[in-house]
Structures are given as C-alpha cells and as structure tokens.
Amino acid sequence: MQWMPNQMLAISVSAIIPAAIREYLMAARGGAIISKNQTVALLAKKGFLFPALSDQEHIDLILNWLEWATTKSSDGGIPQMMNVRRYAEDGRLMLAPSYPETTGYMLCTLIFGARHGLKSLARKKLDQIKSYLLSVQREDGAMPGPGDEIRGLAFDTGQVLTGLVAYHRHVEALPEVTAAIKRAADWMTAQVEPCGCYARSASWNGSRAYYVQATIGLMQAAKTFGREDWLDAARRNGEWTFTQRCGDSWFKTFSFEDGEFQNLHGIAYTLRGLIDLGRHLDQPNYIDAAKICIDHICGMKFGDLPAPEAVPGHFAKSFKKYRRTISPTGMCQLALCAFLLGKIHRDASYTEHGLRLIDSVKRFHTRGLHEDGLNGLLPGSWPITGPYMHGVLPNWPIKFLLDGLYIKQGADALSLEG
C-alpha cells in the first residue's frame, strides 16, 4: 500500500515522542473524554474501584452480559468488545463484530461450569455459539481472526478447538462438529514447522512463545481422537517454546510486544500453555519453568498499583521491572495458573494466591451503568485509559474471570480444558 501523508506524520511523531509520554498523553486525553459522559465517567475517576460482590453475583453479571450479547449479535457469536471511549464521545453503544477465537474458548468455559453443575448459559445458547463457530470456519479448516482479518491463524484456531472439543466431549458428539475439529486440527498440525514453531504465514505477529496456549486445543483434540500426528505437533511446539527460555524466569517472545515490557496477558498465556502441556505430555520441566516465573510474581509486593492485591500489567527483565498499569485479563490467567500449581504440587499457598487475584479483579468488574451492554465486563487495562485495549471493555477478560469463579465455586481446576 502507499503511505499517505497523515500516516507518515503519525509514524514520525511516534519515532520522536518516547512511548511513556505517548501513553501518558493518550491516557490523559481518553480520561478527559470518558469523564464527560455521565454514564461511564466513574470508570475514569482516579482511585475508583467497584465493591467486591459474592462469587455468584459476579458469575451472574458475566452470564447476563453473555446472554445480552449473544441475543444482540447478528451472527450468533460473542461480540469482540464494547468501546467505552467511543461511546463517551458520541453516546452510541456500538456492537463490535463477533470474535471467533474468544467465542471458542468462552464456549469451553461455559461447558466447564455446566459440567460441574454450576450456573451457565442454556443449552440452546451453547448450540448457537457452536453453530457460529462452524459457520466461520474456513474451508481449509482454519479459523480467521477478528473483524476484517480473513487469514487462517494458528492461535485463533487452537483456541476455538478448545470449545469445539469440549462440546464434542461433554455436550453432544455431532458429525458436523467432529468434522470441524478434524479439519482444524489437521490444518494446525500442518502449520507447525519442523523446528516446532508455528509458520509465520499462520501467525498474526510472527513466531511467539505465547502461542503455546493455542496448542492446548490441538493437544485436547489429539487426546480425544487418539491422533498421534496431532499430538506430535503439539509436542514439537512445546519443545520449541521451551527453547525460548532465556534465564530462569523469562522467555523470548513472551508476549505480544517487541519492546522491553511484555504484557502479563501474553506472559500468562505462555505459562498456562507450559503447565497444561507439561502435565498432559509428561514434561515436568515445562511446569517447573512456569512455576519459577509465577514464584517471582507471587513473591513480589506491588503497593504502588491503583488497586489492592493487584499485579502489574507489564513486566520486563525477568520480572525485575514493571509498569503501574493493571491487566485484569492477565491477573485472572495468573490465578488459573496458581490454581493448577496448587493442585499439581498440593500446595495451598498457590491456591490462596489465586483466590486473592480473583477477588482483586472483582473490583474492576463493571456494573450499575445505564447501558446493559456495558455491565458485566472487564476493561483491557485498569485504569481503563491504560495502554492495552485503551478505553475498551473486551470480551476475553471475563472468560478467565468466569473460569476462576467456577473454580472458587468448586469446579476442579485440573479438569479445565482451555
């Protein structure tokens, strides 16, 4: 494509102004815009936190939003996000297109709750979500990314596999679901290079360690259908991911960013993938590597963050440096990793840390706003004007919060499949 003058100017400005200053200006501007809209102004109020409710009340908030969103959705999937900043500017609540990846692993979570006799969405909603996923699958078996992204992406395909495999195993073994799983797993397996990384053509931002999270879906499919070729591909990706380790408590390509700081959301994807592959593929060294990273985070105190018992949203230098923004998504994912370690090592201290993280995230969980579509979600960053998903309530943080709440309500962490 040709560069337009305004695009070149934006790149020049980005090159001149340090990232920290750009983010400060973005946060200040976003906060000013959000503060002017009475419905969402409190989300930008300095020091504001919601009161924590009971686990069941938070589960209800999430399920109510999912019920609303899947009813409003034009295609049966789960809309990608609600843009608070845009709403504050024009007063219109816009429903983003459905997101195949996150719809897929939300299906896995909803089935996880139902399997344990906990409150979830009705069967007809699970069927609706399943049908949406089948409708967007490409002919070659891959799943596309969000919005206008039509490429088949390995990460997205693996995440959707967790939902389809869970549906096949625990809801109903339908021929069309079986066929979709096999096409997706065949395609994913073909994307694993001889070295074990995913092909760049099937990767949104190059070969990354955090893609090991998606390999959970391929592994679950392999174990369900007894496919050694799929399992071998999952094993090779696990081995490649482990080679990305640099020092005891850090991995190259840990997360999405190319700079010094890495997002906890992506870091936790890496850790969760290593733990799950480690326990299912008999690779305790994977679990140990993830445990060392989690021990670093759990052993630190972060008294300068804008919420109690919170964890920073970005780390650098083997967790020796951090930034004062929070990733609600990453905190919930880290809690799930802690719950798993608590079970694997029979160590209640990990479980207790996971409980504290989930209870802290409750303070960011939106409710009481005068728009149904804005209640029951979590922001990408806290404060909401932070750098990741600035001014946005994405759908994926509540997947991991719901996982954590189900575990708090008695679901077995070791039976969580995605």
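It should be emphasised that the depicted structure is a prediction, and the values quoted were computed from it without experimental measurement. (Residues numbered from 1 in each chain as written. Predicted model: local features only at pLDDT ≥ 70, side-chain atom pairs only at ≥ 80, totals over all residues. Heavy atoms only, no water.)

Asker: What should I look at first to understand helix α7 (residues 154-170) in this one?
Answerer: Taking 1.5 Å of rise per residue, the 17 residues of α7 would be expected to cover 24 Å, and the 24 Å separating its terminal C-alpha atoms lies within 8% of that figure. In terms of burial, α7 is a largely internal element, 15 of the 17 residues being buried. (Helix = DSSP H or I, 4+ residues; strand = E, 2+ residues; numbered from the N terminus. Expected span 1.5 Å × (residues − 1). Buried < 20%, exposed > 50% of the residue type's maximum accessible area, 1.4 Å probe, protein only.)

Asker: I keep staring at the sheet that holds strand β3 (residues 314-316) and nothing clicks. Help me out?
Answerer: Two orientations exist for strands paired in a sheet by backbone hydrogen bonds: parallel and antiparallel. Taken in spatial order, the 3 strands make up an open sheet running β2-β3-β4, and their pairing is antiparallel. At either end of the open sheet lies a strand with only one pairing partner, and these are β2 (262-263) and β4 (321-322). Relative to β3, β2 is paired through 2 bridges, and the arrangement is antiparallel. The residue of β3 that forms the bridge with Q262 is F315. (Pairing = 2+ DSSP bridges.)

Asker: Teacher, can you tell me more about the environment of E239 here?
Answerer: Its place among the elements puts E239 in helix α10 (residues 228-243). Sequence spacing of E239 and C197 is 42 residues, and the spatial spacing of their C-alpha atoms is 9.0 Å.

Asker: Please explain the packing of aromatic side chains as it appears in this structure.
Answerer: Aromatic ring pairs are defined here through the distance separating the ring centres and the angle between the ring planes. Per the counting criterion, the structure on display carries 24 aromatic pairs. Taking 6.2 Å as the distance between ring centres and 70° as the angle between the ring planes, the aromatic pair formed by F112 and Y406 counts as edge-to-face. Taken together, the positions of F112 in helix α5 (residues 100-115) and Y406 in helix α15 (residues 396-408) put the pair 294 residues apart, joining distant regions of the chain. What makes Y406 buried here is its relative accessible area of 0%. Look at F225 and W230: their rings are 6.2 Å apart centre to centre, the planes differ by 70°, and that puts the pair in the edge-to-face class. A residue is classified by how much of its surface remains accessible, and F225, at 23% relative accessible area, is partly exposed. Looking at W230, the relative accessible area reads 0%, which means it is buried. One aromatic cluster is present, built from ring pairs that chain together Y105, F155, Y198, Y210, Y211, F256, Y269, Y388 and F400. Between the NZ or CZ atom of R323 and the centre of the ring of F261, over which it lies, the distance is 5.5 Å. When the ring centre of Y105 is taken as reference, the NZ or CZ atom of K399 above it lies at 5.2 Å. (Phe/Tyr/Trp six-rings, centres within 6.5 Å; stacked < 30°, edge-to-face > 60°. Lys NZ or Arg CZ within 6 Å of the ring centre and 35° of its normal.)

Asker: What should I look at first to understand helix α3 (residues 55-72) in this one?
Answerer: Side chains that are three or four residues apart share a direction in an α-helix, a result of its 3.6 residues per turn. With 18 residues, α3 ought to run about 26 Å at 1.5 Å a step, and its terminal C-alpha atoms sit 26 Å apart, in line with that. Listed as buried for α3 are D55, H58, I59, L61, I62, L63, W65, L66, W68, A69 and T70. Its buried side turned inward, α3 meets β1 (81-83), α5, α6 (123-136), α14 (348-361) and α15. (Contact = heavy atoms within 4.5 Å.)

Asker: Help me out: how do you make sense of a nonpolar patch on the surface in this one?
Answerer: Together, I21, Y24 and L25 give the surface a local cluster of nonpolar side chains, amounting to about 340 Å² of exposed area. For Y24, the location among the structural elements is in helix α2 (residues 19-35). Here Y24 falls in the exposed class, since its relative accessible area comes to 60%. (Patch = residues over 30% accessible without salt bridge, like charges linked within 9 Å, V, L, I, M, F, W, Y side chains within 5 Å. Areas by Shrake-Rupley, 256 points an atom, 1.4 Å probe, with all protein chains shown as cover. Salt bridge = Lys/Arg side-chain N within 4 Å of Asp/Glu carboxyl O.)

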